[in-house]
Amino acid sequence: MSPKKSGPVSVVTGAAGFLGSHLTDRLLAAGHRVIAIDNLITGKTANIEHLAGNENFRFIQHNVSNFIFVPEEKIDYVFHFASPASPIDYLELPIPTLKVGALGTHNTLSIRRRKTTGATLTRSDRVVYMMRRNVSPRQ
C-alpha cells in the first residue's frame, strides 16, 4: 500500500461481508487507508469491487484463523468483523465459525499488540443480528 494520503491506517477483517464492506466504505470516506482482509467463505467480492483502484484500499484474501501478516509498521485501528453471520452458516460451517471466533480474534488482537497504540473493535453476532419472532436471520 503506497497511498498518497497520510490518514490513519485501519485493518478490517471480514471486509467483503455486509458489515465489513460498509465499514470499509465509511473509513475510506473519512480519509483512512484500509487494509481489508477476508477469506471470502461467506463474504462477496461484489461488496468491495467498487474499491478496486482506490490507492487507499488494499484487499488481502486470507483466513484470519491463521497468523495475519501486514507489512505496515504502524496500524491505527483494527476492526474484527470476520465470521459467518447467520445460523444457516453456523450449521454449514461449524468449525470455521468456531475458529474465526477464537483463533481469528486472537490473531486480530495480536496485530494490535504488535503494531498499534490505537483501538480494536470486535463484533458480536447476536448484538448485531437481533433475533425477532417470525423474521428470518437472513433478512
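These numbers come from a predicted model, not from an experiment. Position numbers for residues count from 1 along each chain, tracking the sequence in the order it is written. pLDDT decides what is reported in this predicted model: residues at 70 or higher carry local features, side-chain atom pairs at 80 or more are listed and counted, and totals for whole chains, interfaces and linings draw on all residues regardless. As a convention, hydrogens and water are excluded, and side-chain values are obtained from all of the structure's heavy atoms.

Draft legend 1. Focus on the overall build of the protein. Counting its secondary structure elements, the protein contains four helices and five strands. Looking at the protein as a whole, 42% of its 139 residues qualify as buried. Whether two residues are in contact is decided by their heavy atoms, any of which lying within 4.5 Å being enough. When contacts within the protein are restricted to residue pairs at least 6 apart in sequence, those whose partners lie at least 24 apart make up 71%. For the protein, the exposed surface amounts to about 8100 Å²; the carbon and sulfur share of it is 57%. The helix count covers DSSP runs of H or I at least four residues long, the strand count covers runs of E at least two residues long, and both are numbered beginning at the N terminus. Accessibility here uses a 1.4 Å probe with only protein chains present; expressed as a share of the type maximum, an area under 20% marks a residue as buried, one over 50% as exposed, and anything in between as partly exposed. All accessible-area figures derive from a Shrake-Rupley calculation using a 1.4 Å probe, and residue coverage is judged against the displayed protein chains alone.

Draft legend 2. Spatial organisation of the nonpolar core. We define the nonpolar core as a collection of buried residues of types Ala, Val, Leu, Ile, Met, Phe, Trp, Tyr and Cys that are connected through side-chain atoms lying within 4.5 Å of one another. Val12, Leu23, Leu27, Val34, Phe57 and Phe79 are the most contacted members of the largest nonpolar core, which has 13 residues in total. Listed by contribution, the elements that provide at least two residues to this core are helix 1 (18-29) and strand 2 (33-38). Per element, the largest residue contribution to this core is three residues, and it comes from helix 1. Beyond its immediate stretch of four places on either side in the chain, valine 12 contacts Gly20, Leu23, Thr24, Leu27, Val34, Ile35, Ala36, Ile37 and Phe79. Among the nonpolar cores identified, the runner-up in size contains 12 residues, and Val9, Val70, Ile75 and Val100 belong to it.

Draft legend 3. Representation of the side chain of histidine 80. Its location among the elements puts histidine 80 in strand 4 (residues 77-80). There is a polar contact of 2.7 Å between the side chain of histidine 80 and the side chain of threonine 13. Of note is the side chain of histidine 80, whose polar atom sits 3.4 Å from the side chain of threonine 108. Nitrogen and oxygen atoms within 3.5 Å of one another constitute a polar contact, given that in protein one can donate a hydrogen and the other can accept it, and given that sequence-neighbouring residues count only through two side-chain atoms.

Draft legend 4. How the structure looks around helix 1. Over its 12 residues, helix 1 runs 17 Å from end to end, which matches the ideal 16 Å to within 8%, given 1.5 Å per residue. What helix 1 keeps buried is the set Gly20, Ser21, Leu23, Thr24, Leu27 and Leu28. The buried residues of helix 1 occupy one face: seen down the axis, they fall within an arc of 160 degrees. Turned more than 90 degrees from where helix 1 packs its buried face, Phe18, Arg26 and Ala29 sit exposed. Looking at the buried positions of helix 1, the neighbouring elements they touch are strand 1 (9-13), strand 2, strand 3 (57-61) and strand 4. Given the number of residues in a helix, its expected span is that number minus one, multiplied by 1.5 Å. The arc in question is the one traced by the directions running from the helix axis out to the C-beta atoms.

Interpretation in functional terms is not warranted from these geometric data alone.
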